Amino acid sequence: MLCYIAVPARLVGVEKKARSRRDTLAASAVGGAVGAVVCSPPYMLGRIGILMLGWHYVFWLGVVLIIIGATLQTGATSAVKAVKFSAKLVGHPGETTGPAAG
């Protein structure tokens, strides 16, 4: 199990880097805020659709809202995960290595 995760992670460059507690907390807070902003509207569409299921005259509109909300929620969740993963791959923006670092 260790070889399946650790070796490819080192090849890609996702090794565990020493970060301060403040940087880790800030990155978590920003990631959570972005996730909440992106995922809230589709979630609310789905919840409103569920509420509409109780009224017979807007039942089908509720079904449509649930379908649209679920589809958008899936896309938004995947997008947030992709952004968070790519941020981990990029690493520290202040670090410069190579010949131009001097």
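Presented here is a report on the structure given in the accompanying data block. (Residues numbered from 1 in each chain as written. Predicted model: local features only at pLDDT ≥ 70, side-chain atom pairs only at ≥ 80, totals over all residues. Heavy atoms only, no water.)

Quick look at the overall build of the chain
Note the threshold: Where helices and strands are cited, they refer to DSSP runs of H or I of at least four residues and of E of at least two residues respectively, numbered from the N terminus. Type-normalised accessible area, obtained with a 1.4 Å probe on protein chains alone, sets the label of each residue: buried when under 20%, exposed when over 50%, and partly exposed for intermediate values. Residue contacts are defined here by distance: any two heavy atoms, one from each residue, within 4.5 Å place the two residues in contact. Where accessible areas are quoted, they stem from the Shrake-Rupley method and a 1.4 Å probe; at the residue level, only the protein chains shown are allowed to cover.
Each helix and strand counted, the chain has 3 helices and 0 strands in total. Listing each helix as α and each strand as β along the chain from the N terminus yields α-α-α. Across the 102 residues in the chain, those meeting the buried criterion constitute 14%. Put simply, of all contacts in the chain between residues at least 6 apart along the chain, 53% involve residues at least 24 apart. Accessible area for the chain stands at about 8200 Å²; split by element, carbon and sulfur atoms hold 71% of it.

What to know about the environment of Ala-70
With respect to the element layout, Ala-70 can be found in helix 3 (residues 59-90). By relative accessible area, Ala-70 is classed as partly exposed at 43%. The spacing of Ala-70 and Leu-45 is 25 residues in sequence and 8.4 Å in space, taken between C-alpha atoms.

Focus: a nonpolar patch on the surface
Heads up, the condition is: Exposure above 30% relative accessible area and the lack of any salt bridge qualify a residue for a patch; like charges then connect within 9 Å, and the nonpolar side chains Val, Leu, Ile, Met, Phe, Trp and Tyr within 5 Å. By definition here, a salt bridge exists when the distance from a side-chain nitrogen of Lys or Arg to a carboxyl oxygen of Asp or Glu is within 4 Å.
Together, Val-30, Val-34, Val-37 and Val-38 make up a nonpolar patch on the protein surface, roughly 330 Å² of accessible area in all. Positionally, Val-37 belongs in helix 2 (residues 21-52).

Things to note about helix 2
We apply this condition: For a helix, the expected span equals 1.5 Å multiplied by the number of residues minus one. The bend reported for a residue corresponds to the angle between axes fitted to the seven residues ending at that residue and the seven starting there.
For helix 2, with 32 residues, the first-to-last C-alpha span of 45 Å sits near the 46 Å given by 1.5 Å per residue. At Ser-40, helix 2 shows its largest bend, some 40°, and a proline, Pro-41, comes one to four positions later. Listed in full, the buried residues belonging to helix 2 are Gly-31, Gly-35, Cys-39, Pro-42, Gly-46, Gly-49 and Met-52.

Details of the packing of aromatic side chains
Put simply, the test is: Here is the rule: rings of Phe, Tyr and Trp (six-membered ring for Trp) pair when centre to centre is within 6.5 Å. Planes less than 30 degrees apart are stacked, more than 60 are edge-to-face, and the remainder are tilted.
All told, the structure shown has 1 aromatic pair when counted by the stated rule. For the ring pair Phe-59 and Trp-60, a centre distance of 5.2 Å and an interplane angle of 85° mean the geometry is edge-to-face. Overall, Phe-59 belongs to the partly exposed group, its relative accessible area being 30%.

Some points on the environment of Gly-69
Mapped onto the elements of the fold, Gly-69 is located in helix 3. Gly-69 gets classed as buried once you look at its relative accessible area, which sits at 3%. Between the C-alpha atoms of Gly-69 and Gly-46, which are 23 residues apart in sequence, the distance is 4.6 Å. Beyond its immediate chain neighbours, meaning those up to four positions away, Gly-69 contacts Pro-42, Leu-45 and Gly-46.

Details of the environment of Ile-48
Locating Ile-48 in the fold gives a position in helix 2. C-alpha separation for the pair Ile-48 and Ile-66, spaced 18 residues apart in sequence, amounts to 7.9 Å.

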